[in-house]
Each structure stands twice: as C-alpha cells, then as structure tokens.
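Single-letter residue listing:
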Amino acid sequence: MTMTQVSGWRSATPAGAVTSIVLGLVLLVWPGQTLEVFGWLLAIALFLLGLARILTGVTGHRTGRARVWRIVTGLIYLIAGVVVAANLPASIRTIVVLVGIGWIVAGAAEIVAAFQNPPGERSVAIVIGLMNAFFGLILLVFPSPSLVFIVWIAAIWLILTGVLQLAFAWWLSRSAPR
C-alpha cells in the first residue's frame, strides 16, 4: 500500500465504521420506525419514478406506442407510490410476502435444477433450495416478526462491520509507517 492509500484509509475507515455502528444501533433500537422510513422512501421513489416516466413520455423523443407505454408505466408507478404511502404497514407486509413467495419458488427451482447436476453436486443445491423454501415459508407464516428479525440481523451486521472497520483502522494506524 502506498502512503497516499494508507492516509486515505486512516481517514475514511473510521468515518465509515462510525456511520455503520450508528446506523446499526438505530435499526436495533427503532426497528418499527426504520421500517416506516423505508416504506416512505419506497413510496417517494415510486412516485418520483412515475412522474419522471410520465414527463419523458409527454416531452421525450418517443412517438406512438412507445410514448403511450411510457406514460402508462409512469401512471402505474405513480399509483403504486400513492398506494404504498396510503397504507404503509400493509405495503411493507406485502413486500415481505412477495419475498417469501420468491424464496419458495427459487427454492423449488433450485431443488428441481439440482437433479440435473452430477451426483456429487446435488446435495449442496438441494440444501440451498430447501433453505430458501424454508425461510420463504417462515416469511409467509410470520411476516411481521420476520421483518423485525431481518432488521435486527441487518443492525447486528452493521454494528459488527463497523467494529471490524475500527479494528482494521487501528491496526493500520499502528502498523503503517508514518
């Protein structure tokens, strides 16, 4: 590592670490509010994406059907943003259910595809498929507790990542020449 790189790491790593730890603590202490903020950000993003699509459909270079489809997709995004904002808890639960269904379908596909693999490679793919299906089922059966649990896992991951970054920054500052 060059001295410039070391210097960059010395300043950037602790800042990233502290940010990670603080965000992790926020998620850990306020998981419900964090999910609400996520819901609002999703609603705003969908709404803005809808507006952008409608504007480019109206003012853009596209003609004919392409222009109409651009406006239609913009309206769909716009309506989705309004629906998410109007009922945040149900919208967040719907996302959890969709992820659960996706994991179950992906798990089933993984299991089916596993039988196309040579015998020695099947077991790993089958285990991954069963794991996906199992966690998808957990999300479907327990959507609200699963969501909070996922937030807690993300919080713990962020905190641990931040602590490791701080340890790395400390180690780097101790071992690198000044």
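Residues numbered from 1 in each chain as written. Predicted model: local features only at pLDDT ≥ 70, side-chain atom pairs only at ≥ 80, totals over all residues. Heavy atoms only, no water.

Draft legend 1. Representation of helix α3 (residues 64-86) within the structure. In this model, α3 (23 residues) spans 33 Å end to end at C-alpha, consistent with the 33 Å of a helix rising 1.5 Å per residue. Within α3 the residues assigned to the buried category are G74, L78, G81 and V84. Each element contacted by the buried residues of α3 is listed here: α2 (31-59) and α4 (88-114). (Helix = DSSP H or I, 4+ residues; strand = E, 2+ residues; numbered from the N terminus. Expected span 1.5 Å × (residues − 1). Buried < 20%, exposed > 50% of the residue type's maximum accessible area, 1.4 Å probe, protein only. Contact = heavy atoms within 4.5 Å.)

Draft legend 2. Just helix α6 (residues 143-175), in detail. The first and last C-alpha atoms of α6 sit 47 Å apart over 33 residues, in line with the 48 Å expected at 1.5 Å per residue. The set of residues buried in α6 consists of P143, S146, L147, V151, A155, L158, I159, G162, A169, L172 and S173.

Draft legend 3. Here's a closer look at the nonpolar core. Formed by L27, L35, I92, V96, L139, L147, V151, A155 and L158, the largest nonpolar core amounts to nine residues. Secondary structure elements with two or more residues in this core: α4 and α6. By residue number, the principal contributor to this core is α6, which donates four residues. (Core = buried A, V, L, I, M, F, W, Y, C linked by side-chain atoms within 4.5 Å.)

Draft legend 4. Region of the structure containing the confidence of the model for the protein chain. Mean pLDDT over the protein chain: 85, with 92% of residues reaching 70 or higher. The least confident element of the protein chain, judged by mean pLDDT, is helix α1 (residues 3-29) at 78; the most confident is α3 at 90. (pLDDT = per-residue confidence, 0-100.)

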